[in-house]
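Observations on chain architecture
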Amino acid sequence: MARDFLAEMDALLNHEKETIVVEHDEFLDFQKVWVNYDHRKEIVGAAQRNGQVIYRCAESDIV
């Protein structure tokens, strides 16, 4: 079953969730949702080994 990345990003921005961990094989599905997300500049990702990316809210309101 595909993850609901839109709901996860909303939860991240509402501080209901601290991170979103996206695995290598999920990245394209996440990216399709993220690129059309109105608040995408407020979500930053940090690449990990093996293609994993951990997304968090930006530290400041200025991005």
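Our subject is the structure listed above.
I will try to describe carefully the structure that is included in this document. (Residues numbered from 1 in each chain as written. Predicted model: local features only at pLDDT ≥ 70, side-chain atom pairs only at ≥ 80, totals over all residues. Heavy atoms only, no water.)

Quick notes on unusual backbone geometry
Glycine aside, negative phi is the norm for most residues, and most peptide bonds take the trans geometry. So the rule is basically this: Secondary structure counts use DSSP, requiring at least four H or I residues in a row for a helix and at least two E residues in a row for a strand, with both numbered from the N terminus. Note on classification: 1.4 Å probe, protein chains only; a residue is buried when its accessible area is under 20% of the maximum for its type, exposed when over 50%, partly exposed between these limits.
Of note in the backbone geometry, His-15 takes a positive phi value of approximately 60° without being a glycine. Tracing the backbone through its elements, the reader meets His-15 in the loop between helix 1 (5-13) and strand 1 (20-22). Although it is not a glycine, Asn-50 adopts a positive phi angle of roughly 65°. Judged by relative accessible area, Asn-50 falls into the exposed class, the value being 75%.

Overview of the packing of aromatic side chains
What counts is decided by this rule: When two rings of Phe, Tyr or Trp (its six-membered ring) have centres within 6.5 Å they constitute a pair, described as stacked for plane angles under 30 degrees, edge-to-face for angles over 60, and tilted for the intermediate range.
Tallied over the entire structure, the rule returns two aromatic pairs. A ring pair is formed by Phe-5 and Phe-30, whose centres lie 5.3 Å apart and whose planes are at 90°; its orientation type is edge-to-face. With Phe-5 in helix 1 and Phe-30 in helix 2 (residues 27-34), this residue pair connects regions lying 25 residues apart in the sequence. Taken together through their ring pairs, the aromatic side chains of Phe-5, Phe-30 and Tyr-55 make up a single cluster.

With respect to helix 1
The criterion, for reference: Contacts: residue pairs with any heavy atoms within 4.5 Å of one another.
Taken together, the buried positions of helix 1 are Phe-5, Glu-8, Met-9, Ala-11, Leu-12 and Leu-13. Turning to helix 1, the residues buried within the fold contact strand 1, helix 2, strand 2 (43-47) and strand 3 (53-57). Directly after helix 1, the chain includes His-15, whose backbone phi takes a positive value near 60°.

Describing the environment of Gln-52
The line we're drawing: Residues adjacent in sequence count toward polar contacts only when both atoms are side-chain atoms; beyond that, a polar contact is any pair of N or O atoms within 3.5 Å, and within protein one must be able to donate a hydrogen and the other to accept it.
Relative to the helices and strands, Gln-52 is located in the loop between strand 2 and strand 3. Each C-alpha atom of the pair Gln-52 and Val-21 lies 7.1 Å from the other, and the pair is 31 residues apart in sequence. Ignoring anything within four residues of it in the chain, the contact list for Gln-52 reads Val-21, Val-22, Glu-23, Ala-46 and Ala-47. Here Glu-23 takes part through its side chain, which lies 2.8 Å from a polar atom of the side chain of Gln-52.

Section: the pattern of salt bridges
Heads up, the rule is: Between Lys or Arg on one side and Asp or Glu on the other, a salt bridge is scored when a side-chain nitrogen of the former is within 4 Å of a carboxyl oxygen of the latter.
Counted by the stated rule, this structure contains three salt bridges. Of the charged contacts in the structure, one is a salt bridge between Arg-3 and Glu-26, with a shortest N-O distance of 2.9 Å. Highlighted residues: Arg-3 in the segment before helix 1 and Glu-26 in the loop between strand 1 and helix 2, separated in sequence by 23 residues. The exposure class of Arg-3 is partly exposed, given its relative accessible area of 30%. Salt-bridge contacts for Lys-17 lead to Glu-8; the nearest nitrogen and oxygen are separated by 3.1 Å.

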